[in-house]
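The chain contents come next:
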Amino acid sequence: MDLQTLTYITIGLSFVLYIGIAIWSRATNTGDFYVAGKHVNPIANGMATAADWMSAASFISMAGLIAFTGYDNSSFLMGWTGGYVLLALLLAPFLREFGKFTVPDFVGDRYYSQVARMVAVLCAIMVSFTYVAGQMQGVGIVFSRFLEVPLTQGVLIGTGIVFFYAVLGGMKGITYTQVAQYCVLIIAYTIPAVFISVQLTGNPIPGLGLFSTHVDSGVPLLTKLNQVITDLGFNEYTADVDNKLNMVLFTLSLMIGTAGLPHVIIRFFTVPKVADARWSAGWALVFIALLYLTAPAVASMARLNLMETIQIGEVGSAQGNLAYDERPQWFKNWETTGLLKYEDKNADGRIQYYNDKSEAFASKAESFGWKGNEMVKVDRDIMVLANPEIARLPNWVIALVAAGGLAAAPSTAAGLLLAISSVISHDVIKGLID
């Protein structure tokens, strides 16, 4: 079966599943809509929280950031996961014990102030709208590539689907839909990683494959990656950061930001007991770790595959880089989205992909007749989605990745939309106006 048909079927079945669960678990009263009746199992709530948090940023963008920057961007892994430690210890049990529907509700009662409530409302709305924009962008990227529709149209389709099951199901419907979305996204993330890890290292566990020997060269995978990119003027992938204090402070800010996200915090109002809120945070950390421990391997292997595919052979040889007319199908597919762009600067019909800002490599590039990096755009958000195509994995794996991307973004978007609707209806209209 061709990729396009298989992608339509896989994505279609996944959305039928989500909508079916939303209808089956739809809210029937106020408690169901706001806090899922406060009877969600901690394990299910942990899984839903993981799906709520692991948005398009985690599924699509994070590995891309690490792939192009290396060790420096490991702050995202440490900061985002560390935020759940703060949640489990300092926030989750106390918010659940207070027994309110929303965070502004808690803030208003805790500080005996309507002003404090409204400040919390404004913060929740601003954060949620900013964050939901990124999720819809992620939906648009996946649709534009795999369903061959314009980016704007993809965003509108995704928004309509999310709006349907968020309005219908409320927190109860969203919770069980997110459990299904977590299962889809974690399978879609790990299966391609296993395939590629076996291809490159022979090790089926991506996290271990990252530190294993590269099959073709016989050197450690990270050593091979460093060789490939430094030969083209890029910094070492494993290079240490210059400013460790800045890295520590950045990690801390990510932890605090994670602990304060409104759509994550409201998840801890849905469990029966205070102890369950703490267990929910612990389970969420476990489920998140399954993806986050795989992400560094996905990032490094994706970068190696990309560089070796485009910049083939010995640097500087007459046939040392890919002829544009012979570019593979994945390259053509992503060119149509505008997220991958090529410009033939020296009119030789071949692709030069190197760091043209490197002073050390400048004279070498000049001797080869290269007049600048011709890959004028390689959007980092494409790395996870394009990696299975670059590695020439089976079509069903590529279709599964598309379904995973379209599970990650809507799951977070649904939580954000519910957080917005809850604070407006419960705290503004009911709490302040009427």
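Everything that follows concerns the structure shown earlier in this document.
Rules of the game
Residues numbered from 1 in each chain as written. Predicted model: local features only at pLDDT ≥ 70, side-chain atom pairs only at ≥ 80, totals over all residues. Heavy atoms only, no water. Salt bridge = Lys/Arg side-chain N within 4 Å of Asp/Glu carboxyl O. Helix = DSSP H or I, 4+ residues; strand = E, 2+ residues; numbered from the N terminus. Buried < 20%, exposed > 50% of the residue type's maximum accessible area, 1.4 Å probe, protein only. Phe/Tyr/Trp six-rings, centres within 6.5 Å; stacked < 30°, edge-to-face > 60°. Lys NZ or Arg CZ within 6 Å of the ring centre and 35° of its normal. Expected span 1.5 Å × (residues − 1). Arc of directions from axis to C-beta. Contact = heavy atoms within 4.5 Å. Polar contact = N/O pair within 3.5 Å; in protein donor to acceptor, adjacent residues only side chain to side chain.

## So, the pattern of salt bridges
Here's step 1: In this structure the tally under the stated criterion is two salt bridges.
Here's step 2: The shortest N-O distance in the salt bridge between Lys224 and Glu308 comes to 3.7 Å. Of this pair, Lys224 sits in helix H10 (residues 221-230) while Glu308 sits in helix H14 (residues 295-310); the two residues are 84 residues apart in sequence, bridging distant segments of the chain.
Here's step 3: Take Lys224: its relative accessible area is 17%, and that puts it in the buried class.

## Comments concerning the packing of aromatic side chains
Here's step 1: Under the defined criterion, the tally for this structure stands at 17 aromatic pairs.
Here's step 2: The interplanar angle of 65° and the centroid separation of 5.3 Å between the aromatic rings of Phe59 and Tyr189 together place this pair among those described as edge-to-face. Separated by 130 residues along the polypeptide, Phe59 in helix H4 (residues 56-69) and Tyr189 in helix H8 (residues 151-201) bring together distant segments of the chain. Neither residue differs from the other here; Phe59 and Tyr189 are each classed as buried.
Here's step 3: Measuring from centroid to centroid gives 6.0 Å for Phe234 and Tyr353, while their planes differ by 70°, and the two rings are edge-to-face. Of this pair, Phe234 sits in the loop between H10 and helix H11 (244-259) while Tyr353 sits in the loop between strand S1 (340-341) and helix H16 (359-368), and the two are 119 residues apart along the sequence. We note that Phe234, like Tyr353, is buried.
Here's step 4: An aromatic cluster is built from Phe76, Trp80, Phe250 and Tyr292, whose rings are joined through pairwise contacts.
Here's step 5: Its guanidinium or amino end placed over the ring of Tyr111, Arg110 lies 5.4 Å from that ring's centre, counting from NZ or CZ.
Here's step 6: The aromatic ring of Tyr324 is capped on one face by Arg327, whose charged end is 4.0 Å from the ring centroid.

## Here we look at H11
Here's step 1: In a regular helix each residue adds 1.5 Å, so 16 residues correspond to 22 Å; H11 covers 23 Å between its end C-alpha atoms and thus fits that length.
Here's step 2: For H11, every residue scored as buried is listed here: Met247, Thr251, Leu254, Met255, Thr258 and Ala259. Viewed end-on, H11 has its buried residues packed into an arc of 130°, placing them on one side of the element. Exposed residues lying more than 90 degrees from the buried face of H11 are Leu245 and Ile256.
Here's step 3: Looking at the packing, one finds that the buried side of H11 touches helix H3 (42-53), helix H5 (75-98) and helix H12 (262-265).
Here's step 4: Taking the backbone nitrogen of Leu245 as reference, a side-chain oxygen 3.3 Å away marks Asn243 as the first, capping residue of H11.

## Focus: the side chain of Ser212
Here's step 1: Inspection of the secondary structure assignment puts Ser212 in the loop between helix H9 (206-209) and H10.
Here's step 2: A relative accessible area of 16% places Ser212 in the buried class.
Here's step 3: Looking at Ser212, its side chain comes within polar contact range of the side chain of Asn203, at 3.4 Å.
Here's step 4: Once residues within four sequence positions are removed from consideration, Ser212 is found in contact with Thr201, Asn203, Pro220 and Leu221.

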